[in-house]
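As a plain string of letters, each chain reads:
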Amino acid sequence: MNNLQARIEEQIDNISKFTATPDQGTTRLTYSKEDKQAREYIKNKMMEYGLQVREDGFGNIFGKLEGTIKDAPSILIGSHFDSVPNGGSFDGPAGVVAGLEVVALFNENNLKPKYPLEVIALIEEEGSRFGGGLMGSRAMTGLLSEEDFKNLIDHNGVSTLEAMKEIGLDSSLSKKRDPETIKAYLELHIEQGPILEAKKIPIGVVETIVGLTQFEITVDGRAGHAGTTPMDHRSDALVTAAQIIAKIPSLAKEEGEGTVATTGKLNVFPNGSNVIPSKTVFTVDIRSGKEKHIQNVIRKLNQLVNFHNKEGIKITVSQQLYMEPKAMNRDIISLLKKSSSTLDIPYCSINSGAGHDAMVLAEVTDVGMLFVPSKGGVSHTPEEWSDSLDIAKAVEILFETVKKLTEVEEYD
Ligand code: GLV
Ligand code: MN
Ligand code: MN
């Protein structure tokens, strides 16, 4: 194992220790104690690598290697550092560590960029605490307004600002980033699917990222005694939710072409075994490479909800996120492929079924993404695993690409 690979392994392993569920995967919710620990680790690494570190008013982290051109826009490279509940070690941190290791290669080779290089570590990509997802990137690009950010609360009613304060973050720091200060964004991520492993190819160059939307649906019914309320006198919020949820997979299947729909979260109130549920809140996540399929599923979901919105039951639908499918930048795709060829590293083109901060940054700058294989194609579970050797290959490709994008001084 060379030094680069060893450093990658060590850092991913170290970050994975900041979890609220030791031995049961990574649970690192935004603005939690584990967020603070991972944040300190990442900031210290950035400083150790000679970067100027700052946070923005949302808690996103930036480590800057200055360029020789004054006030030039930066090449950003990184990913997110939050996790889903009981997730893996690689989803997010692999990309942050890859960014850091590109800087390490600049340092080792005594290279000075003309355009600045910034490693970024973003908050709440998963939406596991405040819902919606892609929050750090949406907030820094202004797609999520400051007002909407402030109004977000977690399931305990704690607001973003209160949660930030709890771990000592300063929400008065600068927030929306001027797109003029960004020249490009690169992100390495694990594939989270089975394609690269099956093909035995270490690198996927991402062509497009699926479009996705997320809803939170609240069903209000009426609480009552489970023993004394006759079956025809009930407005059971859970039974209604279950009827809707059970039909959701067929809405995606009818569309086909890889369209998917998922309910991953369900809360029942008051959640007592002998109480008729008065309220349920559940999520619906819909994705497709083609926007028309997402639109069709949304339309049918609304019809389904309207059908069940009857006497004694009130259903409210709130859209938390809508991102259309996003193509990556053609020039950056070419650069990534050319760099892979130069280094003799096999690659193939691939589409992403997962959402990524890259799709948000693509609204304001030129974006490129690399994938490395996921063992067994699994992710969002503690079993998630990728080979540090593949990540090291990706870092080398990114290094070549970043040298070109930053117009490095000693580079011919
Ligand atoms: C992020 O992992 C997503 O695809 O939701
Ligand atoms: Mn991710
Ligand atoms: Mn994820």
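One structure accompanies this document, and this report is about it. Everything quoted here is computed from the prediction, not taken from an experiment.

### A word on the packing of helix H1 (residues 3-16) against helix H3 (residues 93-108)
- Direction vectors running N to C along H1 and H3 enclose 140 degrees, while the axes themselves pass 10 Å from each other. At the point where H1 passes H3, the crossing takes the right-handed sense. Counting all contacts with H1, which are made through Leu 4, Arg 7, Ile 8, Gln 11, Ile 12 and Ile 15, the residues of H3 involved are Pro 93, Ala 94, Val 97, Leu 100, Glu 101, Ala 104, Leu 105 and Glu 108.
- Per-class residue counts for the contact of H1 with H3 are ten nonpolar, one polar and three charged.

### Considering the packing of aromatic side chains
- In total, this model carries four aromatic pairs according to the counting rule given.
- Centre to centre, the rings of Phe 18 and Tyr 41 are 6.0 Å apart; their planes meet at 55 degrees, and the pair counts as tilted. Of this pair, Phe 18 sits in the loop between H1 and helix H2 (33-48) while Tyr 41 is found in helix H2, placing the two residues 23 residues apart along the sequence. Here the two residues Phe 18 and Tyr 41 agree in accessibility, since each one is buried.
- With centroids separated by 4.8 Å and ring planes inclined at 80 degrees, the aromatic side chains of Phe 58 and Phe 149 adopt a geometry described as edge-to-face.

### Points about the side chain of Asn 329
- With respect to the helices and strands, the residue Asn 329 is situated in the loop between strand E14 (326-327) and helix H10 (330-342).
- Other than its neighbours up to four places away in sequence, Asn 329 contacts Asp 366 and Val 367.

### A word on the site of ligand 1
- In the region of ligand 1, the neighbouring residues are Glu 125, Glu 126, Arg 287, Ala 354, Gly 355 and His 380.
- The separation between an oxygen atom of ligand 1 and a polar side-chain atom of His 380 is 3.1 Å.
- The fraction of the free accessible surface of ligand 1 (190 Å²) that becomes covered by protein chains is 89%.

### Things to note about the coordination of the manganese ion (ligand 2)
- Protein coordination of the manganese ion (ligand 2) is provided by His 80 (NE2), Asp 91 (OD) and His 189 (NE2), with donor distances spanning 2.0 to 2.2 Å.
- Between the donor residues of the manganese ion (ligand 2), the gaps in sequence give the motif H-x10-D-x97-H.
- A separation of 3.5 Å is found between the manganese ion (ligand 2) and the manganese ion (ligand 3), both of which receive a donor from Asp 91. Here Asp 91, found in the loop between strand E3 (74-80) and H3, pairs with His 189, found in strand E5 (residues 182-190); they are 98 residues apart in sequence, far enough to count as distant.
- For Asp 91, a relative accessible area of 5% corresponds to the buried category.

### Thoughts on H1
- Between its terminal C-alpha atoms H1 stretches 20 Å, which fits the 20 Å expected from 14 residues at 1.5 Å a residue.
- Along H1, the positions that sit buried rather than exposed are Leu 4, Gln 5, Ile 8, Gln 11, Ile 12, Asn 14, Ile 15 and Ser 16.
- On its buried side, H1 packs onto H2, H3 and helix H12 (388-405).
- One side-chain oxygen of the residue at the start of H1 lies 3.2 Å from the amide nitrogen of Leu 4, identifying that residue as Asn 2.

### Some remarks on the coordination of the manganese ion (ligand 3)
- Here the manganese ion (ligand 3) is held by Asp 91 (OD), Glu 126 (OE), Glu 126 (OE) and His 380 (NE2), and the distances to it run 2.0 to 2.7 Å.
- Between the donor residues of the manganese ion (ligand 3), the gaps in sequence give the motif D-x34-E-x253-H.

### Some remarks on the layout of surface pockets
- The calculated volume of the second largest pocket comes to roughly 270 Å³.
- Around the second largest pocket sit 17 residues that line it, and Arg 54, Lys 64, Glu 118, Arg 177 and Thr 181 are the ones nearest its centre.
- Counting residues per element, the ones that place at least two in the lining of the second largest pocket are strand E1 (52-55) and strand E2 (61-65).
- Per-element accounting of the lining of the second largest pocket gives the leading share, three residues, to E1.
- Tallied by class, the residues present in the lining of the second largest pocket amount to four nonpolar, four polar and nine charged.

### A few points about the pattern of salt bridges
- Applying the stated criterion across every chain, the model contains 23 salt bridges.
- With its nearest N and O atoms 3.6 Å apart, the salt bridge here joins Lys 17 to Asp 13.
- With relative accessibility at 53%, the residue Lys 17 sits in the exposed group.
- On the basis of relative accessible area, Asp 13 is assigned to the partly exposed category, the value being 41%.
- Note that Glu 147 and Lys 150 form a salt bridge whose closest N and O atoms lie 3.8 Å from each other. Remark: Lys 150 and Glu 147 occur in helix H5 (residues 146-151); sequence separation between them is three residues, near one turn of the helix.
- A single network of salt bridges, built from pairs that share partners, joins Asp 35, Arg 39, Glu 40, Lys 43 and Glu 55.

### Comments concerning the side chain of Glu 126
- Structurally, Glu 126 can be placed in the loop between strand E4 (117-122) and helix H4 (135-141).
- One buried charged side chain, Glu 126, makes no salt bridge at all; its nearest oppositely charged neighbour is Arg 287, positioned 6.9 Å away.
- The residues contacting Glu 126, other than those within four sequence positions of it, are His 80, Asp 82, Ser 83, Val 84, Asp 91, Gly 133 and His 380.

What counts as what
Residues numbered from 1 in each chain as written. Chains lettered and ligands numbered in written order. Predicted model: local features only at pLDDT ≥ 70, side-chain atom pairs only at ≥ 80, totals over all residues. Heavy atoms only, no water. Axes fitted to C-alpha atoms, helices over the stretch in contact; angles between N-to-C directions. Helix = DSSP H or I, 4+ residues; strand = E, 2+ residues; numbered from the N terminus. Left-handed = near helix turned anticlockwise from the far one by under 90°. Contact = heavy atoms within 4.5 Å. Nonpolar A, V, L, I, M, F, W, Y, C, P; charged D, E, K, R; others polar. Phe/Tyr/Trp six-rings, centres within 6.5 Å; stacked < 30°, edge-to-face > 60°. Buried < 20%, exposed > 50% of the residue type's maximum accessible area, 1.4 Å probe, protein only. Near = heavy atom within 4 Å. Polar contact = N/O pair within 3.5 Å; in protein donor to acceptor, adjacent residues only side chain to side chain. Areas by Shrake-Rupley, 256 points an atom, 1.4 Å probe, with all protein chains shown as cover. Donors = N, O, S within 2.8 Å, 3.2 Å for Na, K, Ca; no water. Expected span 1.5 Å × (residues − 1). 1 Å grid on protein atoms, 1.4 Å probe; cavity = no way out; pocket = protein on both sides within 12 Å on 5 of 7 lines; lining within 4 Å. Points joined across faces, edges and corners; volume = space filled by probe spheres on them. Salt bridge = Lys/Arg side-chain N within 4 Å of Asp/Glu carboxyl O. Lys, Arg positive; Asp, Glu negative; His and termini not counted.

So yeah, pure geometry; function would need other evidence.
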